[in-house]
Amino acid sequence: PVLLARVGKDRLYAEAVESHIGGWFRAAARDANVRPVETPQYGYELPSSPSNPFEFTATVAVQARPQVADWTALEVPAAEPEVPIELIDAELEVLRSTVAELAPVEGRSAREGDVLVVDLVSSDGDAQRDYVVELGAGRLLPEIEQALVGIDPGAEKDVELEQPDGAQGRVTVHVKELHEKVLPPVDDELAKAATEFSTLDELREEIESRLRGQLEAELDAQFRAAVVDALVDATELDVAEGLVQARAVDLWNALVRSLERRGISAEAYLQLSNRSPEEIQADIENEARRSLAREIVLEAAANKLGVEVADAEVEELIHEQAEDSEEAEELTAQVRDAGRYEALRADLRLRKTLDRIASEVKRIPVE
């Protein structure tokens, strides 16, 4: 009442509306499946009381919806999964390594693949005793691993290291034991010892089947991406520059957050990439433009096909991420509260549309 008396109802209502109208508009635009490319012009009349309904108009330029090309006429290369025998042999080598016995080494120095027992003592007094490491596994700093290659059992070596702050440090490495792996032969006994299979042939079949499944999934993802790109290339589309710049900002912010989680600053990333800021900006804008084009074309195709996604499909997707039904209900509520429910529906709609398109294009051999 004091504010109403001193400031006035119209001013209070106007400030309330102006502070929320942007969010209301974005929600309405999302529900209407339009992509604004500039700040809208709003029109409204303030309600006479809080109990009266409020409505407003928003006039804004939007991304034009393209006429999607006939995807049934598109030819898209699709690779067939072929599992090279070398991949199967490599898997068997990994398996041999896991069941290998360790034998003491005499008469030679350490080499990659050997297993060492070492003491590591830093210059500030910190120590790790009886540390077991396999050379070449990447569990030690590269400088230390390099120092251990060619070292003899019982030897000691000082390794200079650069600290994160730029200062120099030192680690003293003492090799207490040196062992080499004695690999078992690749035969039925290996299959019995390392797996549930009785013969080597059964083991090789299982490895090939598993690798083929992984390869099929990877090739299918590549094919689907190629289908979308082919449809984009065949469709006349000019993505609004305002959308591109907004998406580029989102991509850059996501990249910065990813780098920060790994302890890398944006400045360090620029130095490590050996590219100028202008080159990185151009790459991000190209990625933004391409990702938007894919979404816009798939949305237009979904409209053309009349693709719909029921609540049950959205909730099924959410439930797949949960371990039990109780957690699924809680997760569904969280998704709704966070405003992500409709975004998931939109993602599923595009996925279903791509399923249909990918099944109707002409698959051709990569050759």
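Residues numbered from 1 in each chain as written. Predicted model: local features only at pLDDT ≥ 70, side-chain atom pairs only at ≥ 80, totals over all residues. Heavy atoms only, no water.

## A word on the overall build of the chain
Argument step 1. Across its full length, the chain carries twelve helices and nine strands.
Argument step 2. The C-alpha radius of gyration computed for the chain amounts to 31 Å, which surpasses the reference 21 Å derived for 367 residues by more than 25%, pointing to a less compact arrangement than a globule.
Argument step 3. For the C-alpha atoms alone, the extent of the chain along its principal axes is close to 95 × 60 × 50 Å.
Argument step 4. With 367 residues in all, the chain has 32% of them scored as buried.
Argument step 5. When contacts within the chain are restricted to residue pairs at least 6 apart in sequence, long-range pairs at least 24 apart make up 67% of them.
Argument step 6. The averaged location of the 79 negative side-chain charges in the chain is 5 Å from the averaged location of its 39 positive side-chain charges. (Helix = DSSP H or I, 4+ residues; strand = E, 2+ residues; numbered from the N terminus. Rg over C-alpha atoms; globule rule 2.2 N^0.38 Å. Buried < 20%, exposed > 50% of the residue type's maximum accessible area, 1.4 Å probe, protein only. Contact = heavy atoms within 4.5 Å. Lys, Arg positive; Asp, Glu negative; His and termini not counted. Charge placed at Lys NZ, Arg CZ, Asp CG, Glu CD.)

## Some details on the pattern of salt bridges
Argument step 1. Considering all chains together, one arrives at 27 salt bridges under this definition.
Argument step 2. As a salt-bridge pair, D89 and R204 come within 3.1 Å of each other at their nearest N and O atoms. A residue pair is termed long-range when its members are at least 10 positions apart, and D89 in helix α3 (residues 85-98) and R204 in helix α6 (residues 200-234) qualify at 115 residues.
Argument step 3. Shared partners join several salt bridges into a network, and the residues in it are R35, R247, E295 and E299. (Salt bridge = Lys/Arg side-chain N within 4 Å of Asp/Glu carboxyl O.)

## Some details on the packing of α6 against helix α12 (residues 341-360)
Argument step 1. Between α6 and α12, the shortest axis-to-axis distance is 10 Å and the interhelical angle comes to 85 degrees. One element, α6, and the other, α12, form an angle in the roughly perpendicular class. On the side of α6, the interface is formed by F223, R224, V227, V228 and L231, while α12 contributes R351, L354, D355, I357 and A358. (Axes fitted to C-alpha atoms, helices over the stretch in contact; angles between N-to-C directions. Parallel < 35°, antiparallel > 145°, perpendicular 65-115°, else oblique.)

## Observations concerning the nonpolar core
Argument step 1. Ranked by size, the top nonpolar core spans 33 residues in total, and within it V68, W71, F223, V227, L231, I357 and V361 carry the most contacts.
Argument step 2. Put simply, the parts of the chain that give this core at least two residues each are α6, α7 (241-261), α9 (277-305) and α12.
Argument step 3. In this structure, V361 is in contact with W71, L74, V76, F223 and V227, ignoring residues within four places of it in sequence.
Argument step 4. In this structure, I144, A147, V173 and V175 belong to the second largest nonpolar core, which totals 19 residues. (Core = buried A, V, L, I, M, F, W, Y, C linked by side-chain atoms within 4.5 Å.)

## Details of the layout of surface pockets
Argument step 1. Considered as a void within the structure, the largest pocket measures approximately 1400 Å³ in volume.
Argument step 2. Lining the largest pocket are 44 residues, with R30, V34, R35, E295 and E299 positioned closest to its centre.
Argument step 3. At the level of secondary structure, the elements contributing two or more residues to the lining of the largest pocket comprise α2 (9-32), α6, α7, α9 and α12.
Argument step 4. Empty space within the second largest pocket amounts to approximately 180 Å³.
Argument step 5. For the second largest pocket, the full set of lining residues is L120, V121, S122, D126, A127, Q128, R139, L140, L141, I144, L161 and V171.
Argument step 6. With three residues, strand β5 (residues 115-122) is the largest single contributor of residues to the lining of the second largest pocket. (1 Å grid on protein atoms, 1.4 Å probe; cavity = no way out; pocket = protein on both sides within 12 Å on 5 of 7 lines; lining within 4 Å. Points joined across faces, edges and corners; volume = space filled by probe spheres on them.)

## Let's talk about a nonpolar patch on the surface
Argument step 1. On the surface, Y42, Y44 and L46 cluster together into a nonpolar patch covering about 220 Å² of accessible area.
Argument step 2. Position of Y42 among the secondary structure elements: in strand β1 (residues 41-44). (Patch = residues over 30% accessible without salt bridge, like charges linked within 9 Å, V, L, I, M, F, W, Y side chains within 5 Å. Areas by Shrake-Rupley, 256 points an atom, 1.4 Å probe, with all protein chains shown as cover.)

## Notes on empty space enclosed by the protein
Argument step 1. Tallied over the entire structure, the rule returns one cavity of 30 Å³ or more.
Argument step 2. Space inside the largest cavity adds up to approximately 100 Å³.
Argument step 3. The wall of the largest cavity is formed by N33, V34, R35, Q63, A64, R65, P66, I296, E299, A300 and N303.

## Here we look at the environment of S265
Argument step 1. Its location among the elements puts S265 in the loop between α7 and α8 (266-273).
Argument step 2. Overall, the relative accessible area of 35% leaves S265 in the partly exposed class.
Argument step 3. Polar side-chain contacts of S265 include one of 3.1 Å to the backbone nitrogen of A268. (Polar contact = N/O pair within 3.5 Å; in protein donor to acceptor, adjacent residues only side chain to side chain.)

## Side note on α3
Argument step 1. Taking 1.5 Å of rise per residue, the 14 residues of α3 would be expected to cover 20 Å, and the 20 Å separating its terminal C-alpha atoms lies within 8% of that figure.
Argument step 2. Where α3 is concerned, the buried positions are I88, L92, L95 and R96. All buried residues of α3 project into a common sector of 100 degrees when viewed along the axis, lining one side. Exposed residues on α3 whose side chains face more than 90 degrees from its buried face are E86, V94 and T98.
Argument step 3. Where the residues of α3 are buried, they touch α5 (188-194) and α6. (Expected span 1.5 Å × (residues − 1). Arc of directions from axis to C-beta.)

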